[in-house]
Amino acid sequence: MPRKLADRLSAVAPSATLAMAARAARLRAEGHRVYSFSVGEPDFDTPEHIRSAAKAALDAGATHYTAVSGTPELKSAICASTEQHRGWRPLPSQITVSCGAKHALFNLAAALFEPGDEVVIPAPYWVSYPEQVRLVGATPVIVETTEEAGFRLTAEALQAALSPRVKAIVLCTPSNPTGSAYAEEHLRPLIGVLRRHDCWIIVDEIYADLTYDGFRHASLPALAEDLAPRVIVVDGVSKTFAMTGWRIGWSIAPTEVARALDVVQGQSTTNAAAVSQAAAVAALNGPRDAVFAMRAAFARRRSLMVEGLNAIPGIRCRMPEGAFYAFADVRGLCGRSFQGKALAGDEDVATWMLEQAHVASVAGTPFGAPGYLRFSYACDEDHIDAGLAAIRRAVATLD
């Protein structure tokens, strides 16, 4: 047999966000100042009390394997935090702690989906949702949303997408890439539709603690206890506590699904790092002063970024409810040209913006939203101001 890669990889695209970050890194290595708005990572350090807890855990021997699905201490902390901040309380047996929320989602794809299955994913979507579905041989069913509807899935569009082949639906609230979020009034109609269709309901709540202007996050399990046997929530500490590098996420699933995830993870990574789990316990059980300060900073940055983008001719941007992304409509730049070369679409605009303004964003096409760019405002205000000024200067050179 010839040596070759598995055929399944032919259906999967590389991460657009990481690809743009790599291109920006090359420019930086060449000596250019790059204004990076491409990667979804807080620029804050992990709060000190969490780092101190990790150091203490290391000294106490947190250097060995734990149970595959997580330590009892972390599962207990997740249960208590979910009750306090999401309005419902899971059982420890429902929790699988993984190496980040992305890993939790991959475990779910491996455990639940197979060829012939369909998975409903509203667009715009995080780039990994459809690719993980394709990687296990299932088919993503992309359902368009509109900016006018807040980039939120409507009950009518959901009903039209559901068929006997649909195995699951994936919702993200607040959303990456749009920052759009579902309040209770938006979830209730979807719940009504989902009650009539027997599929898994996967809700990614990784940004749930980062909402602004008094927006109240609504956790679907708190609104529909009758759907508990098929609702799965994915969450983690990466965004809320600036702990991206610690790699701790989790799923909260019906117990029979959690047992299956234990099997999948037991044959791949085994447990998440013991010291990272100890740090996550400190994050969930400890004070949230640093979280509130980070959220307040994100709120200021959000206004600065969105208002700045809206002041640039050819760009229009909606004010997001949560997360730390501005999702800008750049169709007003598409069709214009630079040095005789037309910018045909959002990917051309993103490339031109990186090369001419040294501003790294992510094109909307990989998110299922041609004509848009995603800008992360998880960076300091001076960086945002300077990046916006660079964009304005570059736009002024377009024909």
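These numbers come from a predicted model, not from an experiment. (Residues numbered from 1 in each chain as written. Predicted model: local features only at pLDDT ≥ 70, side-chain atom pairs only at ≥ 80, totals over all residues. Heavy atoms only, no water.)

## Some words on empty space enclosed by the protein
Note the following rule: Only protein atoms enter the 1 Å grid used here, on which a cavity is any set of points holding a 1.4 Å probe that cannot leave and a pocket is any open set flanked by protein within 12 Å on both sides along at least five of seven lines; residues with an atom within 4 Å of a point are listed as lining. Grid points are joined across faces, edges and corners, and a volume is the space filled by probe spheres set on the points. Where helices and strands are cited, they refer to DSSP runs of H or I of at least four residues and of E of at least two residues respectively, numbered from the N terminus. Here the term charged refers only to Asp, Glu, Lys and Arg, the term nonpolar to Ala, Val, Leu, Ile, Met, Phe, Trp, Tyr, Cys and Pro, and the term polar to all other amino acids, Gly among them.
Tallied over the entire structure, the rule returns three cavities of 30 Å³ or more. The calculated volume of the largest cavity comes to roughly 130 Å³. Lining the largest cavity we find 15 residues, and of these Pro-122, Pro-124, Cys-172, Ser-175 and Tyr-182 sit closest to its centre. Put simply, the parts of the chain that give the lining of the largest cavity at least two residues each are β3 (118-123) and β5 (166-172). Considering each element in turn, the lining of the largest cavity owes the most residues, three residues, to β5. When the residues that make up the lining of the largest cavity are grouped by side-chain class, the tally is 11 nonpolar, four polar and no charged.

## What about the packing of aromatic side chains?
Put simply, the rule reads: The rule is short: rings of Phe, Tyr and Trp, with Trp giving its six-membered ring, pair when the centres are within 6.5 Å, and they are stacked under 30 degrees, edge-to-face over 60, tilted in between. For the exposure calls, accessible area comes from a 1.4 Å probe over protein chains only, and a residue counts as buried if that area is under 20% of its type's maximum, exposed if over 50%, partly exposed in between.
In this structure the tally under the stated criterion is 11 aromatic pairs. Note on Tyr-207 and Phe-324: the rings are 5.5 Å apart at their centroids and 85° apart in plane angle, and the pair reads as edge-to-face. Of the two residues, Tyr-207 sits in the loop between β6 (200-204) and α8 (220-223) while Phe-324 sits in the loop between β9 (316-317) and β10 (325-329), which places them 117 residues apart along the sequence. As far as burial versus exposure is concerned, Tyr-207 and Phe-324 are alike and both buried.

## Considering the nonpolar core
Note the cut-off: By nonpolar core is meant a set of buried Ala, Val, Leu, Ile, Met, Phe, Trp, Tyr and Cys residues that side-chain atoms within 4.5 Å join together. The split of the chain into domains comes from an automatic or database domain assignment. Contact definition: two residues touch when any of their heavy atoms are within 4.5 Å.
Ile-202 and Phe-375 are the most contacted members of the largest nonpolar core, which has 133 residues in total. Among the elements that make up this core, the one with the highest residue count is helix α13 (residues 381-395) (seven residues). Counting residues domain by domain, this core receives three or more from each of domain 1 (7-45 + 289-396) and domain 2 (49-286). Those residues in contact with Ile-202 that sit more than four places away from it in its chain are Leu-105, Leu-108, Leu-112, Phe-113, Ala-168, Ile-169, Val-170, Leu-171, Ile-232 and Val-234.

## Details of the packing of helix α1 (residues 16-29) against helix α12 (residues 346-357)
Our working rule: In this analysis, axes come from line fits to C-alpha atoms, helices being fitted only over the stretch in contact, and the angle between any two N-to-C directions falls in the range 0 to 180 degrees. Throughout this description, any angle smaller than 35 degrees is read as roughly parallel, any larger than 145 degrees as roughly antiparallel, any in the 65 to 115 degree range as roughly perpendicular, and the remainder as oblique. With the far helix as reference, a near helix turned anticlockwise by less than a right angle produces a left-handed crossing, and one turned clockwise produces a right-handed crossing.
In contact at an axis separation of 11 Å, α1 and α12 are set at 20° when each is read in the N-to-C sense. Classed by the angle they form, the pair α1 and α12 counts as roughly parallel. Remark: the crossing between α1 and α12 carries right-handed chirality. Counting all contacts with α1, which are made through Met-20, Arg-23, Ala-24 and Leu-27, the residues of α12 involved are Ala-350, Thr-351, Leu-354 and Glu-355. For the contact of α1 with α12, the class distribution of residues is five nonpolar, one polar and two charged.

## Concerning helix α2 (residues 48-59)
How we decide: A helix's residues, less one, multiplied by 1.5 Å, set its expected span. Each direction from the helix axis to a C-beta atom contributes to the arc, which is the arc of those directions.
Spanning 12 residues, α2 covers 17 Å between terminal C-alpha atoms, matching the ideal 16 Å at 1.5 Å per step. All buried positions along α2 are accounted for by Ile-50, Ala-54 and Ala-57. What you see down the axis of α2 is that its buried residues fit within an arc of 60°, all on one side. Projecting away from the buried face of α2 at angles above 90 degrees are the exposed residues Lys-55 and Asp-59. Contacts made by the buried residues of α2 are with α10 (274-285). Once α2 finishes, Gly-61 follows within two positions and takes phi at roughly 105°, a positive value.

## Points about the domain arrangement of the chain
Test applied: Summed over both partners, the accessible surface that disappears when two parts come together, traced with a 1.4 Å probe, is what is meant by buried area. When a carboxyl oxygen of Asp or Glu is within 4 Å of a side-chain nitrogen of Lys or Arg, the pair counts as a salt bridge.
Structurally, the chain comprises domain 1 (7-45 + 289-396) and domain 2 (49-286). Between the C-alpha centres of domain 1 and domain 2 there is a distance of 26 Å. Contact with domain 1, which involves 34 residues of that partner, is made by 34 residues of domain 2. Of the roughly 3000 Å² buried where domain 1 meets domain 2, counting both sides, 59% is carbon and sulfur surface. The largest per-residue losses of area from domain 1 upon contact with domain 2 belong to Arg-318, Glu-321 and Phe-367, which jointly make up 21% of the total buried on that side. Linking domain 1 to domain 2 there are three salt bridges. With its nearest N and O atoms 3.6 Å apart, the salt bridge here joins Arg-152 to Glu-321.

## Observations regarding the pattern of salt bridges
Throughout the structure, instances matching the rule amount to 20 salt bridges. Asp-235 is the salt-bridge partner of Arg-86, the closest N and O atoms lying 2.9 Å from each other. Of the two residues, Arg-86 is situated in helix α3 (residues 72-86) and Asp-235 in strand β7 (residues 231-236); the sequence distance between them amounts to 149 residues. Overall, the relative accessible area of 9% leaves Arg-86 in the buried class. Note on Asp-235: relative accessible area 7%, which makes it buried. The shortest N-O distance in the salt bridge between Asp-209 and Arg-288 comes to 3.6 Å. Of the two residues, Asp-209 sits in the loop between β6 and α8 while Arg-288 sits in the loop between α10 and α11 (289-310), which places them 79 residues apart along the sequence. One network of salt bridges, with partners in common, ties together Arg-86, Glu-205, Asp-209, Asp-235 and Arg-288.

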